[in-house]
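# Residue-level structure breakdown
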Amino acid sequence: PAEVGTLSLEFHSLARATKRPEFDAGPDDVRRRMAATVTLLNSSLVPLSLKSSGGAHPTGRVSLGAMGDSYYEYLAKTAILDPRLRPTAGAMFKAALLEIEQQLLVPREHGRTFLAEASMNGRRGRPAGGASAAGAPRAPSDKPLFSKILKMDHLACFLPGTIAVALHHGVVPRGEGHEEVAEGILKTCIDMYRMTPSGIAPEILSLGPGNTPEVRRNDRHNLLRPETAESLYFVGLLTGKPRYRRAAWDMFAAFRAGSRASDGAYTSLDDVYAQPSRRRDDMPTFWLAETLKYLFLNFAPPTLLPLDGWVFNTEAHPLRIFPRGAEAA
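One structure accompanies this document, and this report is about it. (Residues numbered from 1 in each chain as written. Predicted model: local features only at pLDDT ≥ 70, side-chain atom pairs only at ≥ 80, totals over all residues. Heavy atoms only, no water.)

With that settled, the discussion passes to the layout of surface pockets. Each pocket or cavity is described by its volume, and for the second largest pocket that value is around 250 Å³. As for the second largest pocket, its lining consists of 14 residues, and the residues nearest its centre are D69, L155, E227, T314 and E315. When contributions to the lining of the second largest pocket are tallied by element, the ones reaching two or more residues are α4 (69–81), α8 (227–239) and α10 (285–297). If one sorts the elements of the lining of the second largest pocket by residue count, α4 sits on top with three residues. Looking at the lining of the second largest pocket residue by residue, the class counts come to four nonpolar, three polar and seven charged. (1 Å grid on protein atoms, 1.4 Å probe; cavity = no way out; pocket = protein on both sides within 12 Å on 5 of 7 lines; lining within 4 Å. Points joined across faces, edges and corners; volume = space filled by probe spheres on them. Helix = DSSP H or I, 4+ residues; strand = E, 2+ residues; numbered from the N terminus. Nonpolar A, V, L, I, M, F, W, Y, C, P; charged D, E, K, R; others polar.)

Take the packing of helix α6 (residues 159–168) against helix α7 (residues 178–194) next. Packing of α6 against α7 leaves a shortest axis separation of 8 Å and a crossing angle of 155°. Overall, the two elements α6 and α7 adopt an arrangement that is roughly antiparallel. Of the two elements, α6 crosses α7, and the hand of that crossing is left-handed. Together, L159, P160, I163 and L167 of α6 and H178, E179, V181, A182, I185 and L186 of α7 make up the contact between the two elements. Of the residues in the contact of α6 with α7, the class split is eight nonpolar, one polar and one charged. (Axes fitted to C-alpha atoms, helices over the stretch in contact; angles between N-to-C directions. Parallel < 35°, antiparallel > 145°, perpendicular 65-115°, else oblique. Left-handed = near helix turned anticlockwise from the far one by under 90°. Contact = heavy atoms within 4.5 Å.)

Mapping S259 onto the fold places it in the loop between α9 (242–258) and α10. Residue classification places S259 among the buried residues on the basis of a relative accessible area of 0%. (Buried < 20%, exposed > 50% of the residue type's maximum accessible area, 1.4 Å probe, protein only.)

Strand order in the open sheet made by the three strands is β6-β7-β8, with antiparallel pairing throughout. Looking at which strands have only one partner, the edges of the open sheet turn out to be β6 (151–153) and β8 (213–214). Judged from the two bridges that link them, strand β7 (residues 204–207) and β8 form a sheet pairing that is antiparallel. Bridging across to β8, L207 finds its partner in P213. Running over the sheet, α7 touches β6 and β7 and is turned about 80° from β6. (Pairing = 2+ DSSP bridges.)

Scope: geometric values only; no functional claims are made or implied.
In structure tokens, the structure reads:
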């Protein structure tokens with residue numbers, strides 16, 4: 001879903017800037033199609049693979065990591081960008097968040113929360129691909145079956161920050177436990193850094209027996225990803241807790257010690273458990289565009305890019321929020 005659901009902020013902003021409403025048509029159509037898919041599935045969590053022809057069966061993997069992440073991110077942020085879309089995109093995000101909390105979270109010790117993936121395995125009482133009678137509405141008991149997959153991509157660490165901005169703008173209400181969910185997931189993201197000798201997170205965290213965190217050998221690399229720095233910034237703004245700024249500094253210090261090359265560039269790492277880790281011959285563009293930007297913002301005055309005026313796209317580019325009641329073009 002991320003592939004089709006990630007350009008709404010950009011196209012709606014382009015429509016407003018150019019006064020050409022045709023740029024709204026694409027994301028509006030995608031949102032209608034995704035709403036129809038959610039209705040067919042009877043679930044706000046959608047599998048990673050969808051048919052372009054429409055229709056959906058409750059089978060496949062659900063993830064807030066690779067291929068799924070920014071679909072959910074953009075539901076919330078579209079509702080923030082254009083308040084007129086709060087009843088559609090905002091309602092879709094609120095429903096998705098409730099289902100994430102019901103189906104994908106694994107509570108752990110000391111307030112930590114693991115954000116798992118899941119496999120959709122048909123519907124309750126019917127095998128995968130079974131259908132209701134033609135035209136019959138889906139009953140609550142007709143929701144998909146989910147089986148947790150105890151794997152959490154670093155990419156999924158975007159979610160605490162998205163929950164924080166959704167809370168700030170009222171897309172989801174305060175006082176219903178969402179803030180605690182955001183902080184619990186963020187604690188796990190911070191642990192991904194603190195659990196390694198280098199202080200740099202692996203690409204993927206898994207849970208072993210007894211829900212003990214473990215990192216498989218093929219998951220020990222690091223690509224300088226921004227999601228934890230992003231969530232530290234937004235959750236820090238929401239809560240005002242200095243612990244998140246301290247965690248951001250620890251992250252930056254670890255990157256500086258472990259991934260900085262002699263020419264001043266920063267590189268991906270093969271194994272965050274090795275001392276020292278072999279550096280790869282690459283520096284992803286999102287290191288400059290996102291990771292360093294969010295690390296900087298953790299220490300910048302909150303008035304630099306106030307949340308009431310700006311929303312960030314998935315590449316950390318700030319876009320001006322439309323005034324209430326404004327036309328999109």
